[in-house]
Amino acid sequence: PMATAAPTAAAAADTAAADPKPVFFGYVGVYYGYDFNNPASLTRPGFVYSENLHNQIAVNIALLGARYTSERLRGTFAIQTGTYPDANYATEPAIFKNIYEAWGGVRVAKYLWLDAGIFLSHIGLEGPISRDDLTLTRSIMADNSPYYEAGAKLTYDRGQKWLFSGLVLNGWQVIRDRNQNEAIGSQVQFRPSAKWLLNSSTFVGEGYNQPDSVGRQLRYFHDFYVTYDPSPKWKLAAAFDAGWQAHAHNAGGYDNWQGGALIVRRRLWARAGVVGRVEYFRDP
């Protein structure tokens, strides 16, 4: 019996690998926030795009989706609702506001993938889902850099020390473009050991999704972050952003802004911990 069981198990594993099934996922993030300025609009200041309602219990994001990955094809489709898409997708056509991800990819070489559609941003340490971040709330840096992108990207990843990605995008957190000016981006990740991760992401393109007749303001942006896990109980992360944008109406010169953050987490036990974030943001 032992001799026949092993080939049967191996055959079942081979069949599963050859015929992968979609993986379904979901998430709900609920919050209560209070702003001591007690705004009459019941919303936080305009530069806050996540958990941005005042003095009420609200859903920041609720999503449901499916992922598929085979030897040569992969993709994700997920829908969403909540105050996060209300704020971040406010300028998008209504048909796109409930799309969290919608992209497909094909493997063009052994470690090289080409993906296209609507996908999560290649910029920043923090994303829309609180469970995947170190802190419950987003930093000002995260809220004022892209959470999502639309376009195509080519990624080389051997699953070891290095990851390289080049992107062609519709713009700075834009699904429906309103002009003929595409943007480009890049991402490089380096893992010198299991404890360290260094990331460098860039964006070059229009800062505002506006018609060409209004004017073309190029934006240059660089995001860098590093994470360090000295032990299972401790995690440290540091991030730095810098951006430059041309003045309007070809006036010459650039506006610029910078941000920096330091996050430290101490696990108390497996599912609980204490986290603190210090942030500096300068945007005159």
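Overview of the structure. This one's a predicted model, so the numbers in the text were calculated from it and none came from an experiment.

## Describing the overall build of the chain
Secondary structure summary: the chain contains 3 helices and 13 strands in total. If one aligns the C-alpha atoms of the chain with their principal axes, the spans along those axes are about 80 × 45 × 40 Å. By the burial criterion, 40% of the 284 residues in the chain qualify as buried. Looking at the chain alone, contacts between residues at least 24 apart form 51% of all its contacts between residues at least 6 apart.

## What to know about the nonpolar core
For soluble globular proteins, nonpolar side chains are generally found buried alongside one another. Grouped together as the largest cluster of nonpolar side chains are 17 residues, with contacts concentrated most on I61, L63, Y84, Y100, I118 and I175. Every element with two or more residues in this core is listed here: strand 1 (23–33), strand 2 (56–69), strand 4 (99–109) and strand 6 (148–157). Here I118 is in contact with F96, I99, Y100, E101, A102, W103, E149, A150 and I175, once residues within four sequence places are set aside. One finds L167, W172, F203 and F221 within the second-largest nonpolar core, a separate group that totals 10 residues.

## So, unusual backbone geometry
The residue L42 is not glycine, and still its phi comes out positive at about 65°. By relative accessible area, which is 39% here, L42 ends up partly exposed. A positive phi angle, close to 45°, is found at E51, a residue other than glycine. Within the element layout of this structure, E51 appears in the loop between strand 1 and strand 2. Taking the relative accessible area as the measure of exposure, E51 reaches 11% and is therefore buried.

## Brief notes about the pattern of salt bridges
Using the criterion set out here, one finds 7 salt bridges in the structure. Residues D35 and R44 are paired through a salt bridge, measuring 3.1 Å at the closest nitrogen-oxygen approach. Its relative accessible area of 9% is what places D35 among the buried residues. The exposure class of R44 is partly exposed, given its relative accessible area of 32%. Where D229 meets K235, a salt bridge forms, and the shortest distance between an N and an O atom there is 3.0 Å. For D229, a relative accessible area of 24% gives the class partly exposed. Here the salt bridges do not stand alone but share partners, grouping E51, D133 and R138 into one network.

The rules we used
- Residues numbered from 1 in each chain as written.
- Predicted model: local features only at pLDDT ≥ 70, side-chain atom pairs only at ≥ 80, totals over all residues.
- Heavy atoms only, no water.
- Helix = DSSP H or I, 4+ residues; strand = E, 2+ residues; numbered from the N terminus.
- Buried < 20%, exposed > 50% of the residue type's maximum accessible area, 1.4 Å probe, protein only.
- Contact = heavy atoms within 4.5 Å.
- Core = buried A, V, L, I, M, F, W, Y, C linked by side-chain atoms within 4.5 Å.
- Salt bridge = Lys/Arg side-chain N within 4 Å of Asp/Glu carboxyl O.

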